[in-house]
Amino acid sequence: VQAKTNDASIAAKLVAIDALVERLDTPFAQVSTYEEAIGSTLKTVRRPTYTFGVIAGLLIAFLILLQLTYSDSRVRSLRQLARLVGDEALLGVVSRKANPVSERRVALSLHRALGLASSASLRFLPLRHELTDTTTVSRLAEMSGASHDVSRPFSELGVPELTTTDRNTVDVIVVQRHRDLRKDASEALAALRRSGRPVAGVLLVD
């Protein structure tokens, strides 16, 4: 309010405010109320609604899975790798956990490749990532009766390292499941076949 005014009621208003300040426990008074009826709560759902929801969820999940399958370019299975490189170039699959049957199959293939090349040593070539655990390839080399060396990844080697004419060493391409790309496996095999060096094939490692 203005300090100077001709309103005669201001004095009465000030007195009323002073009286309320003295009575801080003045009870609240309800001015008005409002009610709105929303309706009954939904308690049951018809069976066709459940069925439609389940079918729609399964369809969406299938579409997502299909999209992931086509967009995923990594090597996920031995069958995928066989389609890429061919059965003749595929040596097999091995894992960190020893499997005498599958490992001996791969070792026999390596031994045959060593005999054809008149070699006594194996060079294991990962594609893009170094092998963190070399115990598996060491077991394979021991079974095949050859010495071995684990090279730096194929993507890091220079042309002289890939084309050196050391006929005493046979190359083995190592593909790591769920890590390496499918196109990298096929391109590395094609490149090594043109290098002039003996190539045993492609090995899938879990």
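Here the structure is a predicted model, which is why all the values come from computation and not from measurement.

Visitor: Please set out the environment of Ser 147 residue by residue, giving values where relevant.
Guide: Mapped onto the secondary structure, Ser 147 falls in strand 3 (residues 147–150). The partly exposed category is assigned to Ser 147, whose relative accessible area is 44%. Along the primary structure Ser 147 and Tyr 34 are separated by 113 residues, whereas in three dimensions their C-alpha atoms are 90 Å apart. Beyond its immediate chain neighbours, meaning those up to four positions away, Ser 147 contacts Ala 120, Ser 121 and Leu 122. Here Ser 121 takes part through its side chain, which lies 3.4 Å from a polar atom of the side chain of Ser 147.

Visitor: Help me get a handle on the pattern of salt bridges, residues and values and all.
Guide: Applying the stated criterion across every chain, the model contains eight salt bridges. The salt bridge involving Asp 133 is made with Arg 96; its shortest N-O contact spans 4.0 Å. One end of the pair, Asp 133, is in the loop between strand 2 (121–126) and helix 5 (135–144); the other, Arg 96, is in the loop between strand 1 (90–94) and helix 4 (100–117), with 37 residues separating them in the sequence. For Asp 133, a relative accessible area of 28% gives the class partly exposed. A relative accessible area of 53% places Arg 96 in the exposed class. One salt bridge in this structure joins Arg 123 and Asp 171, with 2.8 Å as the shortest N-O distance. Of the two residues, Arg 123 sits in strand 2 while Asp 171 sits in strand 4 (residues 169–176), which places them 48 residues apart along the sequence. A relative accessible area of 0% means that Asp 171 is categorised as buried.

Thresholds applied
- Counting restarts for each chain, with residues numbered from 1 along the sequence as it is written.
- The model is predicted, so local features are restricted to residues of pLDDT at least 70 and side-chain atom pairs to those at 80 or more, both for listing and for counting; the totals for chains, interfaces and linings are taken over all residues.
- Processing note: side-chain calculations cover all non-hydrogen atoms of the structure and skip hydrogens and water entirely.
- By the criteria applied, helices consist of DSSP H or I runs no shorter than four residues and strands consist of E runs no shorter than two, each listed in order from the N terminus.
- For each residue, the accessible area found with a 1.4 Å probe, counting protein chains only, is set against the maximum for its type, and the residue is called buried under 20%, exposed over 50%, and partly exposed in between.
- By definition, residues are in contact when any of their heavy atoms lie within 4.5 Å.
- For the purposes of these results, a polar contact is taken to be a pair of N or O atoms within 3.5 Å, where, inside protein, one atom must be able to donate a hydrogen and its partner to accept one; residues adjacent in sequence count only when each atom of the pair is a side-chain atom.
- The rule for a salt bridge is simple: a side-chain nitrogen of Lys or Arg has to be within 4 Å of a carboxyl oxygen of Asp or Glu.

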